Amino acid sequence: MVSEFGTILLFIFTAIVLIVSMLMLAKVLRPHKPNEEKLTTYESGEDPIGNANVQFNVRFYVVALVFLLFEVELVFLFPWAVVFGQAPLIQQTGGLWGWFSLVEMLIFVGILVLGLAYAWGKGYLDWVRPQPKVPVLDSKIPNDLYQKVNEKYGKQPINVK
């Protein structure tokens, strides 16, 4: 008679044997006709040109993170609606359970909307971020005097017309 651990060991051994046998059968049956086109790197339907270590724009990752953030929000909203929308719980608490769950989810969504508004306001969602403008001063004081003051106090130079 096999113990419970022996049964688990039998299942693991059977799974390993089945996987190895299927891989071997696939290797024997599949056609093997490599050519230059099949051996090239394939990336999003584009032919590879140049070095593979190309730096991508960070905006791709920012858009992906914002997308994931709101996908996770939806993942939390569905179970919330199922659990907190149960009529027996709402009836047992005299309707307080429903109000509590509604306020709780409004706070959650509100925090996410504030984060989105902050990212939008800072320009993180713009594809091309505007470059900061360096202030230019119109002054009657000669530029070399500004340079002396900057050198004395170790400040960044200011462009003066």
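I will try to describe carefully the structure that is included in this document. Counting restarts for each chain: residues are numbered from 1 in the order of the written sequence. Where local features are concerned, this predicted model is filtered to residues with pLDDT of at least 70; where side-chain atom pairs are given and counted, the filter is 80 or more; whole-chain, interface and lining totals use all residues. Note: side-chain values were computed over all heavy atoms of the structure, leaving out hydrogens and water.

### Comments concerning the overall build of the chain
Now for step 1: Within the chain one finds five helices and two strands.
Now for step 2: Secondary structure counts use DSSP, requiring at least four H or I residues in a row for a helix and at least two E residues in a row for a strand, with both numbered from the N terminus. Walking the chain from its N terminus toward its C terminus, one meets helices and strands in the order α-α-α-α-β-α-β.
Now for step 3: For the exposure calls, accessible area comes from a 1.4 Å probe over protein chains only, and a residue counts as buried if that area is under 20% of its type's maximum, exposed if over 50%, partly exposed in between. The buried share among the 161 residues of the chain stands at 7%.
Now for step 4: Any pair of residues with heavy atoms lying within 4.5 Å of one another is described as a contacting pair. If you take every contact in the chain between residues at least 6 apart in sequence, the share linking residues at least 24 apart comes to 45%.
Now for step 5: As displayed, the chain offers around 14900 Å² of accessible surface, 70% of which is attributable to carbon and sulfur atoms. Residue exposure ignores everything except the shown protein chains as possible cover, and the areas themselves are Shrake-Rupley values with a 1.4 Å probe.

### A word on the packing of aromatic side chains
Now for step 1: In this scheme Phe, Tyr and Trp rings, the latter by its six-membered ring, pair at centre separations within 6.5 Å, and the angle between planes marks the pair as stacked below 30 degrees, edge-to-face above 60, and tilted otherwise. What the rule picks out here adds up to one aromatic pair.
Now for step 2: A centroid spacing of 6.0 Å and a plane angle of 85° characterise the contact between Phe76 and Phe108, whose relative ring orientation is edge-to-face. Separated by 32 residues along the polypeptide, Phe76 in helix α2 (residues 58–84) and Phe108 in helix α4 (residues 96–122) bring together distant segments of the chain.
Now for step 3: By relative accessible area, Phe108 is classed as partly exposed at 27%.

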